[in-house]
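Summary of the model geometry
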Amino acid sequence: YDNLDVKAAKERGIITTYSPDTTALSVAEMTITLLLMLAKKVKRMETELRKDNFSYKFSHKGMDVSGKTLGIIGLGKIGKMVAKKAAIGLDMKVISYIPRPEGKEIPEYIKAVPLEQLLKESDFISLHVPGGAKNQNLIGKKELEQMKESAFLLNLSRGGVVNESEFAEAVRKKQIAGGALDVFAKEPPEITDDIFKLENVILTPHTAATTEQSVIRCCETVANDICAVVDGKDAKFAANKF
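Everything in this summary refers to the structure shown in the same document. Note that this is a predicted model, so its numbers are computed, not measured.

Turning next to the packing of aromatic side chains. Aromatic ring pairs are reported here in terms of the distance separating the ring centres and the angle at which the planes meet. Under the defined criterion, the tally for this structure stands at 3 aromatic pairs. Ring geometry for tyrosine 18 versus phenylalanine 237: centroids 6.3 Å apart, planes at 65°, classification edge-to-face. Highlighted residues: tyrosine 18 in the loop between helix H1 (6-11) and helix H2 (24-39) and phenylalanine 237 in the segment after helix H9 (212-230), separated in sequence by 219 residues. A relative accessible area of 29% means that tyrosine 18 is categorised as partly exposed. Residue class for phenylalanine 237 comes out partly exposed when judged on its relative accessible area of 22%.

Below you can see the structure in the form of structure tokens.
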């Protein structure tokens, strides 16, 4: 609920609620989908086939992700779901940067590492951090320069976490292989931005959390809390307390 002014709502006596966990599965599945699309070059292969360039496959091959390293920045509910699907389902090595690992339950298939190590070792880096000022430009020129030339960056967290112009420059200069963005600093984004000119980047319109099932889960959670408040009961998922 980072787009909601909870403080202003509380000052006006407005009870606000949110719907945690309702979209986590959908975002995690989309992350794995985009990761595999990047690895298998699905976007480019389909584009070339539509141009009647069937032989494109002989000179441009995808990769298997088994044994590759996935670096996860932001090991919350979504990050952990992504890690499980990648490690157990795809046989990937999973590492994660966890700023304050003390007291946190970390599954045995995830190795906690410093950010610098994650940037240098990962074949894929996936961001799952909250929005807000503290994470703005979390990944910029300095961080991109530490990544492998063959690595891909995925942002399915919040717009602004990745410096989009510096990301586009890194892909254009082949400092990294490419990536996928589902969120943007400005939404809707300007389709004239440099990032829209990159062949090795997959762009989706902030849709990772929006599936038929997740929308139903979200609506039911919010509706139940509205009914509770109207009936004079406490909301199960209150964003502000009175």
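Now that the structure has been shown, the text picks up again.
What follows concerns H2. For H2, with 16 residues, the first-to-last C-alpha span of 23 Å sits near the 22 Å given by 1.5 Å per residue. The complete set of buried residues in H2 reads Ala24, Ser26, Val27, Ala28, Met30, Thr31, Ile32, Leu34, Leu35, Leu38 and Ala39. Lysine 41 occupies a position one or two residues after H2 and carries a positive phi of about 55°.

Further remarks concern the packing of H2 against helix H5 (residues 77-90). Relative orientation of the contacting elements H2 and H5 amounts to 45°, with a least axis distance of 9 Å. Classified by the angle between their axes, H2 and H5 sit oblique to one another. Crossing handedness for the pair H2 and H5: right-handed. Touching Ala24, Leu25, Val27, Ala28, Glu29, Thr31, Ile32 and Leu36 of H2 are Ile78, Met81, Val82, Lys85, Ala86 and Leu90, all from H5. For the contact of H2 with H5, the per-class residue count stands at 11 nonpolar, 1 polar and 2 charged.

Rules used in this analysis
Residues numbered from 1 in each chain as written. Predicted model: local features only at pLDDT ≥ 70, side-chain atom pairs only at ≥ 80, totals over all residues. Heavy atoms only, no water. Phe/Tyr/Trp six-rings, centres within 6.5 Å; stacked < 30°, edge-to-face > 60°. Helix = DSSP H or I, 4+ residues; strand = E, 2+ residues; numbered from the N terminus. Buried < 20%, exposed > 50% of the residue type's maximum accessible area, 1.4 Å probe, protein only. Expected span 1.5 Å × (residues − 1). Axes fitted to C-alpha atoms, helices over the stretch in contact; angles between N-to-C directions. Parallel < 35°, antiparallel > 145°, perpendicular 65-115°, else oblique. Left-handed = near helix turned anticlockwise from the far one by under 90°. Contact = heavy atoms within 4.5 Å. Nonpolar A, V, L, I, M, F, W, Y, C, P; charged D, E, K, R; others polar.

Take it as geometry only, folks, not as evidence of what the structure does.
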